[in-house]
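Below are the chains, spelled out letter by letter.
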Amino acid sequence: MIAEKYSKELAHIARQQSAQTSFVACSREMKTILATIHSISEVDSTVLISGESGTGKEVIVNQVHRSSNRRDKPIIKVNCGAIPPALFESELFGYEDGAFTGARRKGKPGFFELAHMGTLFLDEVGELPLEMQVKLLRVLQEGEVTRIGGTKTLHVDVRIIAATNRDLWQQVQEGKFRQDLYYRLNVINIEVPPLRERRDDVIPLAVHFIEKYNQKYSKHKELSMELGKILRSLDWLGNIRELENLIENMVVLVQRDVLYPEDLPPRYRQSGAEVSACQVTVHGIMPLKEAIQQVESQLLCHAQEKYTTTREIAKVLGVDQSTVSRKMGTLLHR
C-alpha cells in the first residue's frame, strides 16, 4: 500500500509538472531555469543554452519558444554539426533558381526565411566552421539575408536560440570560435546542470518516462520506492537521455507491473549494490546506544581497510584524531 501510494503521488507530481511547464522541474536548479524563462518571455533577446549532452537543452528551447510572443509562429531547428560546410550557406540563406548545378527550379527559401517572425534554433553551434561563423554574424547584426545567386535583400525578424555542449569561451581562446559571434549569441545564458547535480529531478523524471512508455506500449508499470532510491543515487553520465533509455528498457522487458532494483540491467545492479553497501540499514529493534556502537564499529573497520593512519581516518569520518584513537581502543578491548 505504501509503495502504491508513493508511486501514485510521484505520478501526480510528474503530470502536474508536465502540464505546467512541458518538462519536469522539481530541483532548485531547474526551477531557477524556469524562472529565467519566465523573465525573458516578453523579450526577444538571443539565448545561449549550454550543458552536457543529454541534459535536456532542446526541451528548454521548446519551452522558451512556447513562453514567448512568437509561440504561434514557426520554430526552425538546425543541427549545425549535421550539415556539410559546402551546403550550410544554401541551407541557411536559401538560393535562387539556377544558382548552382542541381538547384531546384524556383529556388528554395533558407532557414532564416522559414523562421521569419518565429524562432531559429541553432543546435551544436560550436560545430560551425569559422567561415560560416562570419556569415552568420552578418545576418545577426543586420537582420537581412540574400539568397545564393540572388540580388534581393530580404529582411528577417527571427529570435535566435543557440545550444552547445562545448565550452565556447574556451574555443574563443583557442581561435576556433569568433569572439564577436560569442558575445552576439551569449546575451542570455542558460547553463543546464547535469542530472547528477540535480538529483531531486531523477525520480519525477523516471515516473514521467514510465507514464510516457506505459501509454506508448499499453503497459501499467510503476516505480517501487527501492528502485527510486537507487536511481536517485546513480551518476547518470548520459544524463536524462540515459535515464529515459533505461526506463523504456524496463517498461518493455520487465514482466511484472512494479519495477524493483533486481529488474535493472546488470551494470546498473552492480552500481546500485555499491550504493546500497554505503547505506545504513537497521533490521529489527535494539537499544539506541547499542545501535550507535555497532555503526561506529562498522565505520571504523571499513576505514581501517582503506586508510593506514588515524589522521586519514579522522579526516574521512569528520572527527578529531583523538576521537578515532579512543574509539579504536574501545573497539579493541570490547
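Everything discussed here concerns the structure shown above.
Residues numbered from 1 in each chain as written. Predicted model: local features only at pLDDT ≥ 70, side-chain atom pairs only at ≥ 80, totals over all residues. Heavy atoms only, no water.

Asker: Which residues make up the packing of aromatic side chains, and what are the values?
Answerer: For any pair of aromatic rings, the description consists of the separation of the ring centres together with the inter-plane angle of the planes. On inspection of all chains with the given rule, the structure shows six aromatic pairs. Seen from their ring centres, Trp169 and Tyr182 are 5.3 Å apart, and the 45° between their planes marks the pair as tilted. Of this pair, Trp169 sits in helix H7 (residues 168–173) while Tyr182 sits in helix H8 (residues 179–185), placing them 13 residues apart in sequence. The class for Trp169 is partly exposed, based on a relative accessible area of 34%. Residue class for Tyr182 comes out buried when judged on its relative accessible area of 13%. With a centroid separation of 5.9 Å and an interplanar angle of 15°, the aromatic rings of Tyr213 and Tyr217 are classed as stacked. Of the two residues, Tyr213 and Tyr217 both sit in helix H9 (residues 202–217), four residues apart, roughly one turn of that helix. (Phe/Tyr/Trp six-rings, centres within 6.5 Å; stacked < 30°, edge-to-face > 60°. Helix = DSSP H or I, 4+ residues; strand = E, 2+ residues; numbered from the N terminus. Buried < 20%, exposed > 50% of the residue type's maximum accessible area, 1.4 Å probe, protein only.)

Asker: Summarise the nonpolar core; cite the residues concerned and give the values.
Answerer: Judged by nonpolar contacts, the single largest core of 31 residues is most densely connected at Phe112, Leu120 and Leu122. Ranked by the residues each element gives to this core, the list is headed by helix H6 (residues 130–142), at five residues. Excluding its chain neighbours within four sequence positions, the residues that come into contact with Leu120 are Ile76, Val78, Phe111, Phe112, Ala115, Val158, Arg159, Ile160 and Ile161. Formed by 27 residues, the second largest nonpolar core is a distinct cluster that contains Leu195, Leu223, Ile230 and Val254. (Core = buried A, V, L, I, M, F, W, Y, C linked by side-chain atoms within 4.5 Å. Contact = heavy atoms within 4.5 Å.)

Asker: Quick rundown of unusual backbone geometry? Include the residues and the values.
Answerer: We note that Glu124 has phi near 50°; this positive angle belongs to a residue other than glycine. Mapped onto the secondary structure, Glu124 falls in the loop between strand S5 (119–123) and H6. Given the relative accessible area of 18%, Glu124 is considered buried.

Asker: Please give an account of the layout of surface pockets that cites residues and values.
Answerer: Of the voids in this model, the second largest pocket is the one considered here, and its volume is about 470 Å³. Where the lining of the second largest pocket is concerned, the elements lending two or more residues are helix H3 (57–67), H9 and helix H11 (239–253). Broken down by class, the residue content of the lining of the second largest pocket amounts to eight nonpolar, six polar and nine charged. (1 Å grid on protein atoms, 1.4 Å probe; cavity = no way out; pocket = protein on both sides within 12 Å on 5 of 7 lines; lining within 4 Å. Points joined across faces, edges and corners; volume = space filled by probe spheres on them. Nonpolar A, V, L, I, M, F, W, Y, C, P; charged D, E, K, R; others polar.)

Asker: Which residues make up the side chain of Lys57, and what values do they have?
Answerer: Here Lys57 is to be found in helix H3. Among the polar contacts listed, one links the side chain of Lys57 to the backbone oxygen of Gly51, at a separation of 3.2 Å. Separated by 3.0 Å, the side chain of Lys57 and the backbone oxygen of Glu52 make a polar contact. Beyond its immediate sequence surroundings of up to four residues, Lys57 is in contact with Ile49, Ser50, Gly51, Glu52, Ala163, Thr164, Asn165 and Val192. (Polar contact = N/O pair within 3.5 Å; in protein donor to acceptor, adjacent residues only side chain to side chain.)

Asker: So what's going on with the packing of helix H4 (residues 85–93) against H6? Which residues, and what values?
Answerer: Running from N to C, H4 and H6 point in directions that differ by 10°, and their axes come no closer than 11 Å. Looking at the two axes, H4 sits roughly parallel to H6. Residue-level inspection shows Pro85, Phe88, Glu89, Leu92 and Phe93 of H4 in contact with H6, the latter providing Met132, Lys135, Leu136 and Val139. The residue makeup of the contact of H4 with H6, split by class, is seven nonpolar, no polar and two charged. (Axes fitted to C-alpha atoms, helices over the stretch in contact; angles between N-to-C directions. Parallel < 35°, antiparallel > 145°, perpendicular 65-115°, else oblique.)

Asker: Account for the sheet that holds strand S1 (residues 47–50), with residues named and values stated.
Answerer: Read from one edge to the other, the open sheet built from five strands follows the order S2-S5-S8-S1-S9, with strand pairing classed as parallel. Strand pairing shows two members of the sheet lacking a second neighbour, strand S2 (75–79) and strand S9 (188–191), which therefore form its edges. Pairs of neighbouring strands in the sheet enclose a mean axial angle of 15°, with direction left out of account. Strand direction decides the pairing type here: S1 and strand S8 (residues 159–164), joined by four bridges, are parallel. Following the sheet pairing, Ile49 is matched in S8 by Ala163. (Pairing = 2+ DSSP bridges.)

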